[in-house]
Amino acid sequence: MAAGDPSAAATSDAPATSSSAASYPDRLRGALAALSQACDSGVSDASEAATFTVSDVLAAAAAMSTEADDGSDGGDVSAAASVSEELLREVHDFLSCPSANQMATDALSLVLLIPVAKLGAQTGGCGDIAAAILKFFVTNCSPRDMLSILCEALDAPMELPNFSSSFVLLLNALAEVLTLIQRRHIEQVLVVLPAVLKVMCATVSECDEEHGKAVVDLFNAAHGIGNAIQEMCTAMVNKNKEDLCAILGLYSLQNIALVSRSRQQDILCVCGSVVLQHFRFLKFSGFTYVGLLTGSDVTAATNKLYKVVSAYMYDDMSKYAGEELELALKEVQGNHMKKWEAINMLKYVLSSINYPWIIKSQGINLLLSLAGENHVQEINNHVDFSSYAPRIFATLKAIESVMMAAPEALMRKKAFAALKKVISMVPSSQRFDILQALVNNSMSSSLTAILLDLVREEILRETRQAENDRVESDGFQDHGELPAWASHALELVELILRPPQGGPPCLPDHGDQVISALNLLRFILIIDSRGRSGILFQKETLHKVHSEWLIPLRPIVAGIQSENEKDDSELANQIMCSLNPVQLVLHRCIELVEEKLKGC
């Protein structure tokens, strides 16, 4: 589309004052007359020169209008819009004249799409006239040629959000062209969609709150492209119909994703009807809610299929999904493998930086709904989860990111509930490996503390289960026998109290994880003291815990407290409050270890 790029001419011919704008209509009329004469006489060089002159005049006028919009003079803006409308009318009258030459029409179609679309972005009646010009080109030129020209126009650099309306005009014209394509439909659609989605992504990223209407118009125009593809699908009868339907489904999912990523708070509500229409495209394309939830419909689109969570956001979409979505959720909830597939799908939206918190909140809601109240742990215990472990770990890390960074306390609380549910669904034989990996990869003291508390809860659960088993077996098992997790949990305690990089833990910065590690150690010591065997804490282990983990920590805590007692600042008081429980639990752990050492 190099021939149609008017940038050079626009730079030289774009005075920014309303007085100079008056010359544009006269120059345009002269260029159009020269073009008509050249085409009638068959002089190709003259017609080409006249064509580019027409394009240059419109491009210069568009540049003038943009400068007027950026200024503060309302009169200049009004004058520029008036000139733009006059120029567009001249072009439309020239094209629609009964005596118009097809050669001239074809020549102008190559170079006018961008300047016409830019002028159409101005106020007043510019948009309607520009749309009429583009429609004239679509209906009077080769559809395949126009498809290529329109895609190149969409790829041209335009300043956003000033020219977002220009893209709307081009997309609307492109939708009309698609309905006129008679053969090689899939090839043509595959050319069109990358250009369309590129424009959509750029606009959604660049436009902010004040440009909400422009984004809504663009989503509606993109929906028109979907309508055109659906019309193609309906007309097809061979195997290619399935392929084209699959493409339509993927296109719809990407549009739903873009709505979800919009930074305008009102877009999600305003575009609800657009999203609803895209869900209808999905159903038309053979997608099911079960397939969307689990990602099984289209493997290549796995990281986009979770956008079905948007159906939970608005009543009209929920009514549309209705019983079908509820049945899909029940089916997924009742099948432990499908449940894991669906849960792991949600990691894409939860970990992405492109989606607003409202979408991530809906993702957490969907995850909690999928997990349900009844776990399938008994079934999971008989399933090899080794291949699932990396995906489960990634999902848990995504939930952690929401739990730690969500702006609202309620959302953080729900994310924590989701984290616990997902962990509890992992088979007990592999649950510790997952938790240990999360602790080892934690970058936050408070998060590490939460994970260590979950380890302590698991040890308590296993201890109670062991006691129940002992009662059921008439006391055959050793009372207070330590669960299998206990010895592994000591590895995590050592990781915190004696960091692998050397030295004692950093206090008070890592106070949260230190107090949790001490509480975990104290808990294991107490459980070990109940049993008759006491096999966990042999003498060597007790000496190590006492001399390498606990005693080095005592002077550090005491020293920090002593320093802050002399300071009356608020920060010093906060440090004192955070270290008081550390000191209490530390002393209790030392007492328990020393008592056990006396019995060795």
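Reading guide: rules and limits
- Residues numbered from 1 in each chain as written.
- Predicted model: local features only at pLDDT ≥ 70, side-chain atom pairs only at ≥ 80, totals over all residues.
- Heavy atoms only, no water.
- Helix = DSSP H or I, 4+ residues; strand = E, 2+ residues; numbered from the N terminus.
- Buried < 20%, exposed > 50% of the residue type's maximum accessible area, 1.4 Å probe, protein only.
- Contact = heavy atoms within 4.5 Å.
- Areas by Shrake-Rupley, 256 points an atom, 1.4 Å probe, with all protein chains shown as cover.
- Phe/Tyr/Trp six-rings, centres within 6.5 Å; stacked < 30°, edge-to-face > 60°.
- Lys NZ or Arg CZ within 6 Å of the ring centre and 35° of its normal.
- Axes fitted to C-alpha atoms, helices over the stretch in contact; angles between N-to-C directions.
- Left-handed = near helix turned anticlockwise from the far one by under 90°.
- Nonpolar A, V, L, I, M, F, W, Y, C, P; charged D, E, K, R; others polar.
- Salt bridge = Lys/Arg side-chain N within 4 Å of Asp/Glu carboxyl O.
- Expected span 1.5 Å × (residues − 1).

Student: Looking at this structure, I do not really get the overall build of the chain. What am I missing?
Tutor: The helix and strand tally for the chain stands at 30 helices and zero strands. Counting only residues that meet the buried cut, the chain has 50% of its 600 residues in that class. Considering only residue pairs separated by 6 or more positions, the chain has 77% of its internal contacts joining residues 24 or more positions apart. For the chain, the accessible surface area stands at approximately 26,800 Å², while carbon and sulfur atoms represent 51% of it.

Student: Honestly, the packing of aromatic side chains in this entry has me stumped. Any pointers?
Tutor: Inspection of the entire model under this criterion finds zero aromatic pairs. A cation over an aromatic ring shows up here: Lys360 above the ring of Trp357, its NZ or CZ 4.9 Å from the ring centre.

Student: How do you make sense of the side chain of Gln188 when you look at a structure like this?
Tutor: Structurally, Gln188 can be placed in helix H11 (residues 185–206). With relative accessibility at 8%, the residue Gln188 sits in the buried group. When neighbours within four sequence positions are excluded, Gln188 is seen to be in contact with Arg144, Leu147, Ile181 and Arg183.

Student: Help me understand the packing of helix H6 (residues 102–111) against helix H8 (residues 126–140) in this model?
Tutor: The description of two helices packed together rests on the angle between their axes and the distance between the axes. Two elements in contact, H6 and H8, have axes separated by 10 Å at closest approach and are oriented at 120°. In the packing of H6 onto H8, the handedness of the crossing is left-handed. Residues Gln102, Thr105, Leu108 and Ser109 of H6 form the contact with H8, whose own contacting residues are Phe136, Phe137 and Asn140. Looking at side-chain class alone, the contact of H6 with H8 contains three nonpolar, four polar and no charged residues.

Student: Honestly, the pattern of salt bridges in this entry has me stumped. Any pointers?
Tutor: Pairing between side chains becomes possible if they bear opposite charge and their charged atoms approach one another. Evaluated as defined, the whole model comprises 16 salt bridges. We note a salt bridge from Glu331 to Lys338, for which the minimum N-O separation is 2.8 Å. The exposure class of Glu331 is partly exposed, given its relative accessible area of 39%. According to the relative accessible area criterion, Lys338 is partly exposed, its value standing at 26%. When salt bridges that share partners are traced, they join Asp26, Arg29, Glu86 and Glu90 into one network.

Student: How should the environment of Pro508 be read in this particular structure?
Tutor: Tracing the chain through its elements places Pro508 in the loop between helix H26 (485–497) and helix H27 (511–530). When the C-alpha positions of Pro508 and Gln561 are compared, they lie 9.9 Å apart, and in sequence the two are 53 residues distant. If near-sequence neighbours (up to four positions away) are discounted, Pro508 is found in contact with Ile560, Ile575, Ser578 and Leu579.

Student: Where do I start with the environment of Leu435 in this structure?
Tutor: Positionally, Leu435 belongs in helix H24 (residues 428–440). The class of Leu435 is buried, set by a relative accessible area of 0%. Sequence separation between Leu435 and Phe393 is 42 residues; the distance between their C-alpha atoms is 8.9 Å. Contacts of Leu435, omitting those with residues within four sequence positions, involve Ile423, Leu451, Leu454, Val455, Glu458 and Trp485.

Student: Please clarify how H24 should be interpreted in this entry.
Tutor: One turn of the α-helix equals 3.6 residues, which is why residues spaced by three or four share an orientation. End to end, H24 covers 19 Å across 13 residues, agreeing with the expected 18 Å (1.5 Å per residue, within 8%). Of the positions making up H24, those classed as buried are Arg431, Phe432, Ile434, Leu435, Gln436, Leu438 and Val439.

Student: Could you clarify how one ought to interpret the side chain of Glu458 in this entry?
Tutor: Its place among the elements puts Glu458 in helix H25 (residues 445–472). In this structure Glu458 touches Arg431, Leu435 and Trp485, once residues within four positions along its chain are discounted.

Student: Mind showing me how you'd approach unusual backbone geometry here?
Tutor: Note: most peptide bonds trans; most residues except glycine with negative phi. In the segment running from Leu507 into Pro508, the intervening peptide bond is cis, with an omega of 5°. Phi at Arg184 is positive, roughly 50°, even though this residue is not glycine. Assignment of secondary structure puts Arg184 in the loop between helix H10 (164–178) and H11.

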